[in-house]
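So the chains spell out like this:
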Amino acid sequence: MKQLLIILSFALLPFCIWATERSVSFNFYGDRISFAFNDQQFVNFGEKNFTDASIQQFYNEVSKADYSSIFTMLTNYRQTQRADDWLFYQLVRKTAEQISPKADNYLRYTLYKWYFMVHSGYGTMLSQNNGRLLFYIQCDENIYNIPYRIKDSKQYVCLNYHDYGSNIDFDKEPFKPVAIGLPAFTKTFSYKIDKLPNFNDTDYIDKELQFTYNSSDYNFKIKINSQIKNLFNNYPAVEYKDFINIPLSNATYQSLISLLKKQLKGLNVKSGVDYLMHFTRYAFAFDVDTKVYGDEKRLSPEQTLLSPYSDCEDRVGLFFFLVKEIYNLPMIVLAYPKHVTIAVKFDKPVGNTIEYKGAKYSVCEPTPQRMDLEIGQLLPELKKEHFEVAYAYTPDN
């Protein structure tokens, strides 16, 4: 009898393991994320010869499964962390990776991401060509360097173009939209970022910054976090008003701004802005994005602090952030055909000025040039060049 019980126990064991709910847990930018998942909820998807019908079948099957634990986790994170859409999508990516690893089955991983975004209320679109699947999200903003499609007069931008090397020739390889029935969406995706995650203090390391100003050498140590690179790894080029207003993480902000305020104590506004201009100009090595990253990027202020190299757009963003945080002065971003710079409105104009909407702004060049430009000095070759005011900031905005 004892032997029979043992045999029955082993016979039932596989069923018990299959039916048992497991706890999934992982670290996500300073937070511990957990959710319950039963492997019976898992829906497979073949990687070969997929069709619109097979994607519809996947959607129908996964919609029948109970993913309430996952959606509760996603909703709670968004609410408690006040997560913007970009950070929320990174959490969706990480969640899909736990259920269906990208390396095991890329299409299934992509469809799980797509399903979670659909049922989080976002408008989506899929398109396919020869076994490749592109995932688009409805977004009304101007986004650069990634493909987009128009459907029902609305713009959809591609979220996974980088997974195919960011080099698809759509004229030679046209992608066909996937016809599938979905619920009406209630959310439009935005790339605007108003808040960064609450990273752990242990995630930060010290970075030394050195530059010379008025024949004096300055050496700083600030806190930087390498996870910023991962967070923005596939972040596209966005409008100036969006990327230069991305905040710093708490520890980086406290270490940098406190050091700068200490150095600026006792200086008038013009001298203080001049110090910040030279800091931004000379504390970082210069190189163009296409050489460093292979494509044009617009780094957030914290990415510029973290990166070993940065270009004119990146330095404009950092300089803007520093002047805004310390002095909160009106500023305009000047976009020339081959250069970007910035001008500041002082109480009394300095040097040659740029007039914009009846106010006079003094150019503050934050990028190293062949000459040490002072406030109010514009590169000689730009004086006859046409420019556009890419972004205008006033404190009451």
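Everything below is about the structure printed above this text.
If you're wondering where the values come from, they're calculated on a predicted model, not measured in any experiment. (Residues numbered from 1 in each chain as written. Predicted model: local features only at pLDDT ≥ 70, side-chain atom pairs only at ≥ 80, totals over all residues. Heavy atoms only, no water.)

> Would you take a moment to explain the packing of aromatic side chains for this structure?
Each pair of aromatic rings is reported with the distance of its centres and the angle of its planes. A complete count under the given rule lists 46 aromatic pairs for this structure. When the centroid spacing of 6.0 Å and the interplanar angle of 70° are considered together, the rings of tyrosine 67 and phenylalanine 116 count as edge-to-face. Of this pair, tyrosine 67 sits in the loop between helix H2 (52-64) and helix H3 (68-81) while phenylalanine 116 sits in helix H5 (residues 106-118), and the two are 49 residues apart along the sequence. The same class applies to tyrosine 67 and to phenylalanine 116, which are both buried. With centroids separated by 6.5 Å and ring planes inclined at 90°, the aromatic side chains of tyrosine 89 and phenylalanine 189 adopt a geometry described as edge-to-face. With tyrosine 89 in helix H4 (residues 85-99) and phenylalanine 189 in the loop between strand S8 (176-177) and strand S9 (204-213), this pair connects stretches of sequence that are 100 residues apart. We note that tyrosine 89, like phenylalanine 189, is buried. In this structure an aromatic cluster arises from ring pairing among Phe37, Phe42, Phe45, Phe50, Phe58, Tyr59, Tyr67, Phe71, Tyr112, Trp114, Tyr115 and Phe116. We note arginine 298 situated over the ring of tyrosine 240; from NZ or CZ to the ring centre the distance is 4.2 Å. (Phe/Tyr/Trp six-rings, centres within 6.5 Å; stacked < 30°, edge-to-face > 60°. Helix = DSSP H or I, 4+ residues; strand = E, 2+ residues; numbered from the N terminus. Buried < 20%, exposed > 50% of the residue type's maximum accessible area, 1.4 Å probe, protein only. Lys NZ or Arg CZ within 6 Å of the ring centre and 35° of its normal.)

> Would you mind going over H4 with me for this structure?
Since the α-helix turns once every 3.6 residues, residues separated by three or four places project in the same direction. Here H4 contains 15 residues, and its C-alpha end-to-end distance of 21 Å stays within 8% of the 21 Å for a straight helix at 1.5 Å per residue. For H4, the buried fraction is high: 12 of the 15 residues fall into the buried class. When H4 is considered as a whole, its buried residues turn out to be Asp85, Trp86, Leu87, Phe88, Tyr89, Gln90, Leu91, Val92, Arg93, Thr95, Ala96 and Ile99. Of the surrounding elements, those touching the buried residues of H4 are strand S1 (21-28), strand S2 (31-38), H3, H5, strand S4 (132-138) and helix H6 (227-231). (Expected span 1.5 Å × (residues − 1). Contact = heavy atoms within 4.5 Å.)

> Please clarify how the state of the cysteines should be interpreted in this entry.
Joining two cysteines, a disulfide is a covalent bond between their sulfur atoms. Overall, the coordinates contain zero disulfides when judged by the stated rule. Just so you know, cysteine 139 is unpaired, no disulfide at all, and the nearest cysteine sulfur is the one on cysteine 158, 12 Å from it. The exposure class of cysteine 158 is buried, given its relative accessible area of 3%. (Disulfide = S-S within 2.5 Å.)

> Would you mind showing me how to read the nonpolar core here?
The tendency in soluble globular proteins is for nonpolar side chains to be buried as a group. Core analysis: the biggest nonpolar cluster contains 116 residues, and Ile55, Tyr67, Phe116, Tyr191 and Phe279 have the highest contact counts within it. Top contributing element to this core by residue count: H5, with 10 residues. In this structure tyrosine 191 touches Trp86, Cys139, Glu141, Ile143, Ile146, Val157, Leu159, Tyr235, Pro236 and Val238, once residues within four positions along its chain are discounted. In this structure, Leu334, Ala343, Tyr361 and Leu382 belong to the second largest nonpolar core, which totals 12 residues. (Core = buried A, V, L, I, M, F, W, Y, C linked by side-chain atoms within 4.5 Å.)

> Any chance you could explain the packing of H3 against H4 here in plain terms?
Two quantities define a packed helix pair, namely the angle between the axes and the distance from one axis to the other. Viewed as axis vectors pointing N to C, H3 and H4 meet at an angle of 155°, and their least axial separation amounts to 11 Å. Relative to H4, the element H3 is oriented roughly antiparallel. Read as a crossing pair, H3 and H4 show a hand that is right-handed. Contacts from Ile70, Met73, Leu74, Tyr77 and Arg78 of H3 reach H4 at Asp85, Leu87, Phe88, Leu91, Val92, Thr95 and Ile99. The class makeup of the residues in the contact of H3 with H4 is nine nonpolar, one polar and two charged. (Axes fitted to C-alpha atoms, helices over the stretch in contact; angles between N-to-C directions. Parallel < 35°, antiparallel > 145°, perpendicular 65-115°, else oblique. Left-handed = near helix turned anticlockwise from the far one by under 90°. Nonpolar A, V, L, I, M, F, W, Y, C, P; charged D, E, K, R; others polar.)

> Got a minute to help me understand the pairing of S9 in this structure?
Within a regular strand, the side chains alternate between the two sheet faces. The sheet contact formed by S9 and strand S10 (residues 216-225) spans 10 bridges and is antiparallel. Considered in S10, the bridge of threonine 212 is made with aspartate 217. Linking S9 to S10, which pair antiparallel, is a turn of two residues; within it asparagine 214 sits at a positive phi near 50°. (Pairing = 2+ DSSP bridges.)

> What is the right way to look at the sheet that holds strand S6 (residues 148-151) in this model?
In sheet architecture, strand pairing relies on hydrogen bonds along the backbone and comes in two forms, parallel and antiparallel. Pairing is antiparallel in the open sheet, where five strands are placed in the order S6-S7-S4-S3-S8. Looking at strand neighbours, the two that pair on one side only are S6 and S8, the edges of this open sheet. Pairing of S4 with strand S7 (residues 154-158), which is carried by three bridges, proceeds in the antiparallel orientation. The residue of S7 that forms the bridge with glutamine 138 is tyrosine 156. Against the sheet, H5 engages strand S3 (124-129) and S4, with an angle of about 15° to S4.

> How should I be thinking about the packing of helix H8 (residues 250-264) against helix H12 (residues 312-326) in this particular structure?
Here H8 crosses H12 at 70°, and the two axes come no closer than 11 Å. Judged on the interaxial angle alone, H12 and H8 are roughly perpendicular. As H8 packs across H12, the resulting crossing turns out to be right-handed. Of the residues in H12, those touching H8 at Tyr253, Leu256, Ile257, Leu260, Lys261 and Leu264 are Phe321, Leu322, Glu325 and Ile326.

> What is the right way to read the sheet that holds strand S17 (residues 359-363) from this model?
Strand order in the open sheet formed by five strands is S16-S17-S15-S14-S18, with antiparallel pairing between adjacent strands. Because the sheet does not close on itself, it has two edges, and the strands there are strand S16 (353-356) and strand S18 (388-393). On average, adjacent strands in this sheet sit at an angle of 35° to one another, irrespective of strand direction.

> What should I look at first to understand the pattern of salt bridges in this one?
Opposite charge on two side chains permits them to pair, given that their charged atoms come into close proximity. In the structure shown here, the tally under the stated rule is 10 salt bridges. Ionic pairing is found between aspartate 39 and arginine 22, a salt bridge with its closest N-O pair at 3.0 Å. Of this pair, aspartate 39 sits in the loop between S2 and H2 while arginine 22 sits in strand S1; the two residues are 17 residues apart in sequence, bridging distant segments of the chain. Given the relative accessible area of 28%, aspartate 39 is considered partly exposed. The partner of lysine 223 in a salt bridge is aspartate 206, with the nearest N and O atoms 3.0 Å apart. Taken as a pair, lysine 223 in strand S10 and aspartate 206 in strand S9 lie far apart in primary sequence, 17 residues in all. (Salt bridge = Lys/Arg side-chain N within 4 Å of Asp/Glu carboxyl O.)

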